[in-house]
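Tertiary structure, described
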Amino acid sequence: MLRQFREGQVSRETICDADFLLVTAGHYHGEPAEYPCPVCGGDNLRIVLWVYGEQIGKASGSARNEEEIRKLVDNGRECTVHTVEVCPDCKWNHLLKAETASAR
Ligand SMILES: [Zn+2]
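Residues numbered from 1 in each chain as written. Predicted model: local features only at pLDDT ≥ 70, side-chain atom pairs only at ≥ 80, totals over all residues. Heavy atoms only, no water.

It is worth spelling out the pairing of strand β4 (residues 78–86) at this point. Relative to β4, strand β2 (residues 46–52) is paired through 7 bridges, and the arrangement is antiparallel. Note that in β4 the partner of Y52 across the bridge is T80. When β4 meets strand β5 (residues 93–102), the two strands line up antiparallel, connected through 9 bridges. Following the sheet pairing, E85 is matched in β5 by H94. Between the antiparallel neighbours β4 and β5 lie 6 residues, among them K91 with a positive phi of about 70 degrees. (Pairing = 2+ DSSP bridges. Helix = DSSP H or I, 4+ residues; strand = E, 2+ residues; numbered from the N terminus.)

Right under this line is the structure:
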């Protein structure tokens, strides 16, 4: 996707569509990324962890930090964690990885 953007095949509006909720979550729950935004070069890029799953009830679909996720998967529960880049400046957002979290 990013390569297509650099080559001019995809407009910035297409890839920079982070909604208000995502940008806000990035601000409050995200960790600063250690690199600039790949689209606008801004240094406000955040890494946000989103959790999903039936077993975690109403926490599903919210942004959480690693400690909160550890508590969520206590008692043998599982959830899916999406690691997402969010740029508050240009609204770039990108799913870096999706993985299953569970208590060890
Ligand atoms: Zn940006």
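The next subject is the coordination of the zinc ion. Ligation of the zinc ion by protein atoms is provided by C37 (SG), C40 (SG), C87 (SG) and C90 (SG), these donors lying 2.3 Å from the ion. With 4 donor atoms in place around the zinc ion and angles of 107 to 113 degrees between them, the coordination shape is tetrahedral. Of note, the donors binding the zinc ion are all from one chain and are spaced C-x2-C-x46-C-x2-C. In this pair, C37 is assigned in the loop between β1 (31–32) and β2 and C87 in the loop between β4 and β5, connecting sequence segments 50 residues apart. Residue classification places C37 among the buried positions, given a relative accessible area of 3%. With a relative accessible area of 0%, C87 lands in the buried category. (Donors = N, O, S within 2.8 Å, 3.2 Å for Na, K, Ca; no water. Tetrahedral: all angles 85-135°; square planar, octahedral: opposite > 155°, others 65-115°. Buried < 20%, exposed > 50% of the residue type's maximum accessible area, 1.4 Å probe, protein only.)

Membership of the largest hydrophobic core is limited to 10 residues, which are L49, V51, I56, A59, I69, L72, V73, C79, V81 and A101. Listed by contribution, the elements that provide at least two residues to this core are β2, α4 (66–72) and β4. For I56, the residues in contact, after removing those within four places along its chain, are V51, L72, E78 and C79. (Core = buried A, V, L, I, M, F, W, Y, C linked by side-chain atoms within 4.5 Å. Contact = heavy atoms within 4.5 Å.)

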